[in-house]
Amino acid sequence: MKSLNVLYEDNHIIVVVKPFNVLSQGDSTGDPSIMDDVKDYIKKKYHKLGNVYLGLVHRLDRPVGGIMVFARSSKAASRLTKAFSEHSIVKKYLAIVHGKLDGSGEWIDYIEKGKDGNSFISKNGKEAILDYEVLGYNSLKNCSLVSISLKTGRHHQIRVQFASRGHALLGDQRYGELDNTQIALYSYYLSFTHPVTKEVLEFKHFPEKKGYWTSFTL
């Protein structure tokens, strides 16, 4: 993994960029995680002995890259967790989807997670809400660049809601085409009130210009 990309840090929080195909938190695979990398970074930078406290307050799916915030104190962790649960934190994603999508709007669905780990639209599911705005269309490749604001955080929500409308994300190996490419989904914007200082913080970061992302000007 490349060196850690830190966008902001203080005694209470740290904001970093998670690379594509890296776990948010370690799991049974034993593969590297961004959480472990942040802990190592703090340990080395501040010469910490023993275990480093780091609170995981939200996640990004393994294949998805982009901005994440971690808590460096238990006070910050509880307050950020509450803010995420109350949807007072603004999260925006960039996605490239199949086909021509126009305009903007709000989608409301009900999503259920299956036993196989895949999610699907179901009347028995939990409410899933997002806003979207189309930023561009590439006629040669027949794909659209979309900015998405999540109002809820259901399992695979963006991927399921777009795929269910015939606009699966490019590179989505679960809900789109099995073409062994990297999913075109990136958490590019995060804004929230600092859990201690109460300052409103805003972060933007865009994916590297490679793969599907070369189809548009970001």
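Structure: above.
Residues numbered from 1 in each chain as written. Predicted model: local features only at pLDDT ≥ 70, side-chain atom pairs only at ≥ 80, totals over all residues. Heavy atoms only, no water.

K.L.:
So what about unusual backbone geometry? Which residues, and what values?
P.N.:
Although it is not a glycine, N21 sits at a positive phi angle of roughly 65 degrees. Tracing the backbone through its elements, the reader meets N21 in the loop between β2 (13–18) and α1 (34–45). What makes N21 partly exposed here is its relative accessible area of 44%. Positioned with a positive phi, H156 is a non-glycine residue whose angle comes to about 55 degrees. With respect to the helices and strands, H156 occurs in the loop between β9 (143–150) and α3 (157–163). (Helix = DSSP H or I, 4+ residues; strand = E, 2+ residues; numbered from the N terminus. Buried < 20%, exposed > 50% of the residue type's maximum accessible area, 1.4 Å probe, protein only.)

K.L.:
Break down the side chain of Q161 for me, with residues and values.
P.N.:
For Q161, the location among the structural elements is in helix α3. Those residues within four positions of Q161 in sequence are excluded, and the remaining contacts are W107, I108, D109, I111, A128, I129 and L130. (Contact = heavy atoms within 4.5 Å.)

K.L.:
Explain the side chain of S144 to me, using residue names and the numbers behind them.
P.N.:
Along the chain, S144 falls in strand β9. In terms of polar contacts, S144 uses its side chain to reach the backbone carbonyl oxygen of G99, at 2.7 Å. If we ignore the near neighbours within four places in the chain, the residues touching S144 are A95, I96, V97, G99, K100, L101, V134, G136, Y137 and F216. (Polar contact = N/O pair within 3.5 Å; in protein donor to acceptor, adjacent residues only side chain to side chain.)

K.L.:
Outline the packing of aromatic side chains, listing residues and values.
P.N.:
What the rule picks out here adds up to eight aromatic pairs. On the numbers, 6.4 Å between centres and 55 degrees between planes, the contact of Y188 with Y189 is tilted. Of the two residues examined, Y188 and Y189, each falls in the buried class. Three or more aromatic residues joined by ring pairs form one cluster here, namely Y8, F192 and F203. Against the face of Y137 rests K100, its NZ or CZ located 5.4 Å from the ring centre. The aromatic ring of W107 is capped on one face by R165, whose charged end is 4.2 Å from the ring centroid. (Phe/Tyr/Trp six-rings, centres within 6.5 Å; stacked < 30°, edge-to-face > 60°. Lys NZ or Arg CZ within 6 Å of the ring centre and 35° of its normal.)

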